[in-house]
Every structure is written in C-alpha cells, then in structure tokens.
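For reference, the chains in residue letters:
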Amino acid sequence: MFDTSRRRLLQAMGVGGAATVAGCAGSAPVEEDPTQTETNSPGPAQTDVQSVAADPTDVPDPIDRDEPKTHQVTLEVEELTAEVEPDVTYKFLTFDGQVPGPMIRVRQGDTVELTVDNLPDNMMPHNVDLHAVYGTGGGAVATTAAPGEQNKMKFQAKYPGSFIYHCAVPRLDYHISAGMFGMIVVEPKGGLPEVDREFYLGQHELYTDKDTGKKGHHKHNMDAMVDENPDYVLFNGGKYAWAAANEGPMTAEVGETVRVFMVCGGPNVSSNFHPIGNVWSRAYRDGGLPEDGDFEGYAERNIQTMKVPPGSCMIGEMEMEVPERIKLVDHALSRVRHKGLLAEIDVEGETNEAVYDPDFGGTSQDGPMY
C-alpha cells in the first residue's frame, strides 16, 4: 500500500527516486521557480481578484446532531494575483481563492470524502495534508494532483480539536507562505459550548523581493524565507485586511461571548495572539478539545497572550463587557506596526462605567493606534 501511494506521489510530482518524509518529496521541487515565471514589470501586476482575504465571519454552523455522517468536501486550488496592500501585488496560492482556506467543520466519528481539484490554469502540483488524519502525510500522498487534475481520499475524523491543513508538496514552505493553509474543526461528540458569535482568522508570512510597502509586484523570495525574515506578517492574506481601515472591522454586541478560531500557517513564525482591550476568558491551547465534555476543567482561563506555533491552531473565547474596539494582534508588535498584522472587532452597546470609564479623568483621547 505504501509503495503504491509513494509511486503515485513521485509520478505526480515528476520526482524519481526521492525519499518521502511525512508525505513530502525530499528532492528539489519540480514546479518552476516563481521568481522566474512572474511579471518583470516594475509596477503592480494585473490582479485576478482584488483581495484573497477570507471573510472571518464565514464560519460553518456548529454541529447539532448525535449521529455521525459522511461529508463530501472539495478544495479547489487557485493560483491568484491579488493586492497585499494598495499598489502592492503578489501571486497567492489558495484553497478556494481565499486565505486561509475554508474552514471544514465535522463531528468526531464523521467520515470525510475529500477531493483536491487543481485547476487547469495553475502552474504547479498541489495537495493537502490535514493534521486531523491518520495516514501517510495526513493525506498528502493520496491527494496530490497536477494542474487540470483531481485526486481524492476518504478518512474518518477520530480525535477532536482544531487542526491545520496545508499543502505539502516539496516547496511546502513556499506554498503555505503564499496562502495554502486552513483549519479543520473536529467537534467532540457532545459538541462545543454555545457562544453568540464565531470568527476565523489565519496568520502567515510573506517573503518578497521588495521592501515592505514598496509599490509594485512582489515576487516570492526564497532566500528571505530560508533566513526566516518576512516582509509581511498577515491575517488572511492582506495588510490589516480585517481592520476598520480596510475590509473590517468585525462586530459584536455588549453582553455576548465571542469565539475566535485562529490557525497559524507560518511557515516559520509563531504567533503571540493577544486581544488588546480584552482577554481570552477560555483558551484551548493548540486547538485541543476535551473528549469527555469537561470544557471548564480543560480550558485555560483568563489568558492574556496565547502562543500559537506554526502548524497549529488555537480556540479562544472573550466576554464582551463594554463597548470598545478590540485589536487582535501578534504581540511581537513590530509585526503589527510595520508588517501588516491586525484585525479588529467593534463591540457596540451600552456603556458600563463600573467596568470601564474612559472619561473618569476628563475627555478621553480615542484615536488611531499602530
């Protein structure tokens, strides 16, 4: 079985005789060097879409059933040129045209029939490795597809939690950096505690051949990636993509409980995930969830900053106590100020001066931060 699957991967990649580690071929990559195949124009490239930023409110409904079921899931691979910020373009590699890829939400014990559809206009082979899968490469071997082809696998979601999925071809670090990652949530059999709203964010880095913010088309910079020196650190594929100054903010109401699912694609930089003006009242480190339904005993309480390593996830909940603007950041704050990492939630509703009184000492000085 393994030998047959291994040959399928190597043939699809065009790699002969290479060893595989976790489903990834270890020899030189076969896709063309992206720095040689993209435009040489000094200005921004023509975009396929304005933005690849996934809508953080586009979250599948919580699971509300007692029996397992089978899901048919297709991840469509699109290689798309879009803006990182105004007049800065980059060729993203995406699942379903968005970063992060769509959230997959299932119940422990469910079966997933998963198809990777590599569109014919693409230039590279792609696949998907899901950390929720028992099997070679997390499914990467079975799902490898050349441009214009599909490949598929079937798996059972055996253990609960939130898990990253990502492309795992030989240049997997480049593919993940360029946007090929997402989250699969496997709810315990008893489900998750009810909340009022849920949001979904993905953090990753871009390594480019131009300085951060320099107008023009930015190509991928392999040397900068090897040195782990990113030009951008982003939520959802865009500079401040879901902040008030861009496509955001997200919104909530005083008195609500909000759950945030965050996946750290990396490929290299850990997140120090912090809600400015709030706290993770319950946090699930590395996306782990209890099988016995004891969420109160399992969750960490009142966590200010949650470490989320590359290739992992977190689930955090917040209580909306007062009207405010919550800034979701990586508390390595130079990434916020200089490299584009910020999302915001506007909380609307009645003030509660017993909890927070911004005018206690006079006129409050609300204004831009970062």
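Details of the structure are given in the entry above.
Here we summarise the structure given alongside this text. The model shown is predicted, which means the values in this text are computed figures rather than measured ones.

1. Brief notes about the packing of aromatic side chains
Note on aromatic pairs: each is described by the distance of the centres and the angle between the planes. In the structure shown here, the tally under the stated rule is 8 aromatic pairs. An aromatic cluster is present here, built from Y134, Y159 and F163 joined pairwise through their rings.

2. Points about the pattern of salt bridges
Considering all chains together, one arrives at 17 salt bridges under this definition. R282 is the salt-bridge partner of E319, the closest N and O atoms lying 2.7 Å from each other. Here E319 is found in strand β20 (residues 312–319), whereas its partner R282 is found in strand β17 (residues 280–284), with 37 residues between them in sequence. A cluster of three or more residues bridged by salt bridges with shared partners is formed by R105, E187, E198, R259, R282, E317 and E319.

3. Quick notes on the side chain of K327
Assignment of secondary structure puts K327 in strand β21 (residues 324–330). Note on K327: relative accessible area 7%, which makes it buried. Of note is the side chain of K327, whose polar atom sits 2.4 Å from the side chain of E344.

4. Remarks on the state of the cysteines
All chains considered together, the criterion is met by 0 disulfides. The thiol of C313 is unpaired, and the distance to the nearest cysteine sulfur, on C264, comes to 8.9 Å. The exposure class of C313 is buried, given its relative accessible area of 1%.

5. With respect to the sheet that holds strand β3 (residues 70–85)
On the basis of which strands lie adjacent, the open sheet formed by 5 strands has the order β8-β6-β3-β4-β12 and mixed pairing. Among the strands making up the open sheet, the edge pair consists of β8 (149–156) and β12 (216–217). The pairing of β3 with strand β6 (residues 111–118) spans 8 bridges and is classified as parallel. What sits directly across from E76, in β6, is D117.

Here is what the cut-offs are and how they apply
Residues numbered from 1 in each chain as written. Predicted model: local features only at pLDDT ≥ 70, side-chain atom pairs only at ≥ 80, totals over all residues. Heavy atoms only, no water. Phe/Tyr/Trp six-rings, centres within 6.5 Å; stacked < 30°, edge-to-face > 60°. Salt bridge = Lys/Arg side-chain N within 4 Å of Asp/Glu carboxyl O. Helix = DSSP H or I, 4+ residues; strand = E, 2+ residues; numbered from the N terminus. Buried < 20%, exposed > 50% of the residue type's maximum accessible area, 1.4 Å probe, protein only. Polar contact = N/O pair within 3.5 Å; in protein donor to acceptor, adjacent residues only side chain to side chain. Disulfide = S-S within 2.5 Å. Pairing = 2+ DSSP bridges.

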